[in-house]
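Descriptive analysis of the structure
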Amino acid sequence: MKFAYRFSNLLGTVYRRGNLNFTCDGNSVISPVGNRVTVFDLKNNKSNTLPLSTRYNVKCVGLSPDGRLAIIVDEGGNALLVSLVCRSVLHHFHFKGSVHSVSFSPDGRKFVITKGNIAQMYHAPGKKPEFNAFVLDKTYFGPYDETTHIDWTDDSRCFAIGSKDMSTWVFGAERWDNLIYYALGGHKDAIVACFFESNSLDLYTLSQDGALCVWQCDTPPEGLRLKAPTGWKADLLQREREEEEDEEGEKETTIRGKAMPASEEQLGKVKYSRLAKYFFNKEGDFNNLTAAAYHKKIHLLVTGFASGIFHLHELPEFNLIHSLSISDQKIESVAINSSGDWIALGCSGLGQLLVWEWQSESYVLKQQGHFNSMVSLAYSPDGQYIVTGGDDGKVKVWNTLSGFCFITFTEHSSGVTGVTFTATGYVIVTSSMDGTVRAFDLHRYRNFRTFTSPRPTQFSCVAVDSSGEIVSAGAQDSFEIFIWSMQTGRLLEVLSGHEGPISSLCFSPMKSVLASASWDKTVCLWDMVDSWRTTETLVLSSDALAVTFRPDGAELAVATLNSQITFWDPENAVQTGSIEGRRDLKTGRKELDKITAKHSAKGKAFTTLCYSADGQSILAGGMSKFVCIYHVKEQILRKKFEISCNLSLDAMEEFLNRRKMTEFGNLALIDQDAGEENGVAIPLPGVKKGDMSSRHFKPEIRVTSLRFSPTGRCWAATTTEGLLIYSLDTEMLFDPFELDTSVTPGRIRAALRQRDFTKAILMAIRLNERKLVQETLESVPWDEIDVITSSLPELYVEKVLEFLASSFEVSRHLEFYLIWTQKLLMVHGQKLKSRAGTMLPTVQFLQKSIQRHLDDVSKLCDWNRYNIQYALAVSKQQGMKRPSEPLGSEEEADTSDDDDSLHLLGEGNGDRDARDRLLV
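Cut-offs and rules
Residues numbered from 1 in each chain as written. Predicted model: local features only at pLDDT ≥ 70, side-chain atom pairs only at ≥ 80, totals over all residues. Heavy atoms only, no water. Helix = DSSP H or I, 4+ residues; strand = E, 2+ residues; numbered from the N terminus. Expected span 1.5 Å × (residues − 1). Buried < 20%, exposed > 50% of the residue type's maximum accessible area, 1.4 Å probe, protein only. Pairing = 2+ DSSP bridges. Core = buried A, V, L, I, M, F, W, Y, C linked by side-chain atoms within 4.5 Å. Contact = heavy atoms within 4.5 Å. Axes fitted to C-alpha atoms, helices over the stretch in contact; angles between N-to-C directions. Left-handed = near helix turned anticlockwise from the far one by under 90°. Nonpolar A, V, L, I, M, F, W, Y, C, P; charged D, E, K, R; others polar. Salt bridge = Lys/Arg side-chain N within 4 Å of Asp/Glu carboxyl O. Parallel < 35°, antiparallel > 145°, perpendicular 65-115°, else oblique. pLDDT = per-residue confidence, 0-100. Phe/Tyr/Trp six-rings, centres within 6.5 Å; stacked < 30°, edge-to-face > 60°. Lys NZ or Arg CZ within 6 Å of the ring centre and 35° of its normal. Polar contact = N/O pair within 3.5 Å; in protein donor to acceptor, adjacent residues only side chain to side chain.

Comments concerning helix H8 (residues 794–807)
Here H8 spans 20 Å end to end across 14 residues, near enough to the 20 Å set by a 1.5 Å rise per residue. When H8 is considered as a whole, its buried residues turn out to be Tyr796, Val797, Glu798, Val800, Leu801, Phe803, Leu804, Ala805, Ser806 and Ser807.

Below, the structure written as structure tokens:
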């Protein structure tokens with residue numbers, strides 16, 4: 001089995017904090033998620049997380065005007081220059097301080113960052129590779145408090161900066177004679193946003209108390225004059241230009257602004273006057289404005305508030321167009337796409353991301369992750385869907401292809417502890433701490449069964465047998481296992497015998513045996529056929545935390561509290577091996593831990609286990625940032641994955657940072673960020689401003705659940721960061737099969753020219769280069785496929801089926817590859833059946849790919865068939881005269897006796913839409 005797994009996508013979390021951005025075409029939203037960045041393609045209905053990560057949570061993202069480059073800055077001031085075309089990091093940089101915002105100039109030549117109370121302008125990276133991509137051009141001083149927002153004029157001549165000191169500053173990107181800096185007041189609270197009008201120096205400023213000031217400038221952008229140097233400076237500048245033309249503008253200059261410049265300095269300069277001042281809040285309504293965005297072409301202002309309401313206004317008249325409440329949490333970020341049709345809104349409190357089309361008043365995208373951490377996950381049998389359960393009591397189903405959640409079940413009133421699919425893949429069974437086990441139908445999206453115990457109890461785990469008829473759940477407080485019938489919903493049996501809470505349940509895939517792990521240091525095997533009696537009790541050396549069967553049911557793996565994984569033969573109740581995993585866990589030290597990471601590791605263990613699809617390896621994770629893959633037979637570590645490098649999470653580093661240790665104790669004990677946004681920085685005695693109950697804490701990194709996809713191509717992990725998907729990176733992998741020196745691309749193509757297709761296919765599979773295999777298979781005439789499939793050796797059939805399964809996802813030659821698949825399975829089906837265990841991942845991968853095409857094509861065919869029937873019915877209706885009916889008459893017109901005709905008079909909205917599309 002290959003282990004070239006790489007991070008491919010992040011689900012379960014759509015927005016954390018930071019600013020949202022639309023791409024240049026307006027079809028995609030770029031959203032910061034923790035220390036990663038996710039791109040939501042709204043046109044193709046897909047989400048994709050960039051394969052890069054910062055050291056801390058992302059704070060702001062700046063997008064270049066052409067959409068090719070992005071600057072991603074985290075909370076620590078570390079910046080990544082990222083190419084969105086090739087999805088890779090081009091340059092690392094550190095701004096030496098916390099950066100609040102970053103913005104490219106419209107011409108793409110400069111970008112400005114706000115840091116503390118200053119603004120710095122850099123030369124934007126060019127198209128050519130450079131040793132230092134970020135060259136500081138100018139530093140602007142002026143505000144006394146932290147700077148909050150940046151906006152550029154359309155011609156990139158000036159930019160405006162808002163500050164928490166209630167002032168707005170206009171700076172020139174060049175050293176203009178009549179505008180070096182200009183300070184604007186007029187507000188009574190911190191500036192949230194400032195926007196220039198299109199092709200003008202007129203300015204709008206918005207403050208946190210909901211006030212909007214409209215400023216008019218007496219000078220157009222064309223009226224700005226460059227300040228010409230005089231005297232010896234002019235001679236020196238001329239000499240420098242002649243000697244070193246390349247280094248012009250490379251040196252940093254500093255511009256210091258004054259809030260009240262002298263009167264002689266203002267002569268002949270640009271002047272601003274306030275035209276109007278508007279207020280968003282009504283009298284007595286104290287609703288803080290938290291985010292704003294402005295579309296210059298259509299003069300549309302979008303404002304978001306702390307109560308979850310957003311307003312749309314037309315400027316400069318300040319006419320209210322639209323108002324809507326989308327959440328009960330504050331809106332953290334607002335963005336408008338290039339056409340002005342779609343508005344993206346991010347709420348960090350609930351992790352919501354919404355895209356709203358304001359003209360039709362409908363949602364383009366509405367996604368929300370789990371409010372608290374995710375606890376469990378399960379793959380559907382075909383690998384198309386993933387279901388997750390969280391501490392917030394929600395059950396969400398995710399599409400692995402698109403990355404979106406398409407249904408959320410909210411029936412549970414407490415945290416979900418376990419989720420699983422039935423063998424059909426259309427029923428989800430979940431257990432919860434609210435004392436219920438619920439079954440959800442994926443056809444009608446409803447909770448059709450609710451299983452309860454005679455006495456109220458908290459369920460810690462759930463399992464369903466291979467037939468989908470028996471549901472079992474383990475109790476955390478009564479130490480019992482409850483068995484229900486899926487058909488009737490009746491309680492069949494209560495299994496007693498454990499002396500501690502039940503931690504994990506698992507049914508054997510092949511036999512009617514249930515394995516239950518408990519904190520009483522035992523694993524019990526229960527026979528479902530023989531009156532639910534205990535067939536075997538496996539005694540362990542420590543508390544059992546997780547139990548799982550191998551896919552063929554011939555082996556059982558148990559994770560215990562002493563960081564061991566033990567393997568058992570369930571037939572004979574004999575231990576066949578064990579793995580010591582404490583050193584592989586390599587736990588970190590929390591900021592407030594009194595003991596070292598080495599000693600705290602004694603209390604850490606693997607809490608989740610999962611066999612690979614072929615059963616040769618086992619995946620293990622727990623209270624650590626590492627996920628380990630072990631070889632079961634050899635009992636050795638094959639590979640270790642570091643799921644996160646985010647230092648904003650706790651227990652990430654092995655040693656404490658000595659800079660945070662003082663003679664008075666650890667600086668982490670000071671709750672410095674409790675009221676950072678809307679209150680006092682450090683709660684002091686007698687201070688009543690801000691939320692006194694707010695606390696700042698760092699969530700601890702952990703892996704709560706792991707599952708391999710039934711196709712064997714990827715695995716998923718629920719972590720503190722979200723739902724991480726790791727998949728095989730086939731493009732970067734060269735993995736030949738029985739290769740020797742006689743197999744070369746030239747000889748393969750020579751065999752194709754000689755029409756020796758069987759030999760060419762065998763050599764191409766041995767070389768195992770995807771493009772070469774594709775070229776070889778597609779060179780075979782379709783009428784010779786039957787002959788060639790019968791001549792393929794059995795070992796190579798499996799390789800061809802794997803290639804076909806992966807090709808279905810990207811290739812347009814659907815029928816051609818379906819013929820290959822059918823002929824291979826018809827000719828070699830019986831032989832492959834004897835190796836069902838090893839062939840299962842390949843067949844499931846094949847089934848997943850074909851099923852997806854079946855769903856798409858069947859919908860298209862049904863739609864076309866309906867349109868044809870409708871056209872036939874319309875053609876039959878033409879020329880027929882109908883008697884006029886009075887209004888309000890309940891008589892219905894006679895319909896045609898033909899079964900294929902449609903009832904045209906009683907058509908619904910969907911029918912009218914279909915007719916309109918057809919006629920157009």
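Moving on from the model shown.
What about the pairing of strand E26 (residues 319–325)?
Relative to E26, strand E25 (residues 309–314) runs antiparallel, the two sharing six bridges. Following the sheet pairing, His311 is matched in E26 by Ser323.

Some points on the nonpolar core
Core analysis: the largest hydrophobic core is formed by 35 residues, its most contacted members being Ile761, Leu801, Leu804, Trp820 and Leu824. When residues of this core are traced back to their parent elements, those giving at least two are helix H4 (745–753), helix H5 (757–767), helix H6 (770–779), helix H7 (785–791), H8, helix H9 (814–833) and helix H10 (836–877). Not counting residues up to four positions away in its chain, the partners in contact with Leu801 are Leu824, Leu825, Leu832, Met839, Thr842 and Leu846. One finds Val33, Cys610, Ile643 and Leu728 within the second-largest nonpolar core, a separate group that totals 24 residues.

Here we look at the sheet that holds strand E41 (residues 481–485)
What the four strands build is an open sheet, ordered E39-E40-E41-E42; its pairing is antiparallel. Strand pairing shows two members of the sheet lacking a second neighbour, strand E39 (459–464) and strand E42 (491–495), which therefore form its edges. The mean inter-strand angle of the sheet, taken between neighbouring strand axes irrespective of direction, is 20°.

Some points on the pairing of strand E31 (residues 374–379)
Every regular strand shows the same layout, with side chains that alternate between the two sheet faces. When you tally the buried positions in E31, you get five out of six residues, the bulk of the element. Summarising the sheet, E31 and strand E32 (residues 385–390) pair through five bridges and their orientation is antiparallel. Paired with Ala378 across the strands is Val387, a residue of E32. With antiparallel pairing between neighbouring strands as the criterion, E31 and E32 make up a hairpin whose turn holds five residues, including Gly383 at a positive phi of roughly 80°.

Details of the packing of H8 against H9
Packed helix pairs are characterised by how far apart their axes lie and by the angle those axes make with each other. Remark: H8 packs on H9, axes separated minimally by 10 Å, with the N-to-C direction vectors making an angle of 145°. The interaxial crossing formed by H8 with H9 has left-handed handedness. Of H9, the residues touching H8 (which contributes Glu794, Val797, Val800, Leu801, Phe803, Leu804 and Ser807) are Tyr817, Trp820, Thr821, Leu824, Leu825, His828, Lys831 and Leu832. Residue composition of the contact of H8 with H9, grouped by class: ten nonpolar, three polar and two charged.

Description of the sheet that holds strand E38 (residues 446–452)
A sheet is described by the order of its strands in space; here four strands give the open sequence E35-E36-E37-E38, paired in antiparallel fashion. Here the strands that pair on one side only, and so sit at the sheet edges, are strand E35 (416–421) and E38. When strand polarity is set aside, the average angle formed by the axes of neighbouring strands in this sheet is 20°. Sheet topology places strand E37 (residues 436–441) next to E38; six bridges connect them, and they run antiparallel. When the bridges of E38 are listed, Val437 appears paired with Phe451.

A look at the pattern of salt bridges
If you walk through the whole model with that rule in mind, you get 18 salt bridges. The residue Glu775 makes a salt bridge to Arg749 at a minimum N-O spacing of 3.2 Å. Here Arg749 lies in helix H4 and Glu775 lies in helix H6, a separation of 26 residues in the sequence. Note that Glu784 and Arg755 form a salt bridge whose closest N and O atoms lie 3.2 Å from each other. Of the two residues, Glu784 sits in the loop between H6 and H7 while Arg755 sits in the loop between H4 and H5, which places them 29 residues apart along the sequence. Overall, the relative accessible area of 27% leaves Glu784 in the partly exposed class. Here Arg755 falls in the exposed class, since its relative accessible area comes to 51%. Within this structure, Lys110, Asp137 and Lys138 form a network of salt bridges that share partners.

Details of the packing of H6 against H9
Interaxial distance between H6 and H9 falls to 11 Å at its minimum, and their mutual angle equals 85°. When the interaxial angle is binned, H6 and H9 end up roughly perpendicular. In this structure, H6 uses Gln774, Leu777 and Glu778 to contact H9, whose residues at the interface are Phe816, Tyr817 and Trp820.

Observations concerning the confidence of the model for the chain
Summarising the model, the chain shows a mean pLDDT of 83, and 84% of its residues fall at 70 or more. Within the chain, the lowest mean pLDDT, 42, falls on helix H11 (residues 909–919), and the highest, 95, falls on strand E36 (residues 427–432). In this model, residues 245–250 is a region of pLDDT below 50 whose contacts with residues beyond four sequence positions or in other chains number six contacts. In this model, residues 885–920 is a region of pLDDT below 50 whose contacts with residues beyond four sequence positions or in other chains number 29 contacts.

Here's the deal with unusual backbone geometry
With an omega dihedral of 5°, the bond running from Leu315 to Pro316 counts as a cis peptide bond. One non-glycine residue, Ala573, lies in positive phi territory at about 55°. With respect to the element layout, Ala573 can be found in the loop between strand E49 (564–569) and strand E50 (574–580). Its relative accessible area of 22% is what places Ala573 among the partly exposed residues. Positive phi, close to 60°, is recorded for Gln635, a residue that is not glycine. By relative accessible area, Gln635 is classed as partly exposed at 30%.

A few points about the packing of aromatic side chains
Overall, the coordinates contain 43 aromatic pairs when judged by the stated rule. Through a chain of ring-to-ring contacts, three or more aromatic side chains come together here, namely Tyr5, Phe7, Phe641, Phe708, Trp715 and Tyr726. Lying over the aromatic face of Phe7, Arg36 brings its terminal NZ or CZ to 3.9 Å of the ring centre. Directly above the aromatic system of Phe626 lies the positively charged group of Lys640, at a separation of 4.6 Å from the ring centroid.

Observations regarding the side chain of Thr148
Here Thr148 lies in strand E14 (residues 147–152). Of note is the side chain of Thr148, whose polar atom sits 2.8 Å from the backbone oxygen of Ile191. Ignoring any residue separated from it by four or fewer positions in sequence, one finds Thr148 in contact with His100, Ser101, Gly162, Ser163, Lys164, Ile191 and Val192.

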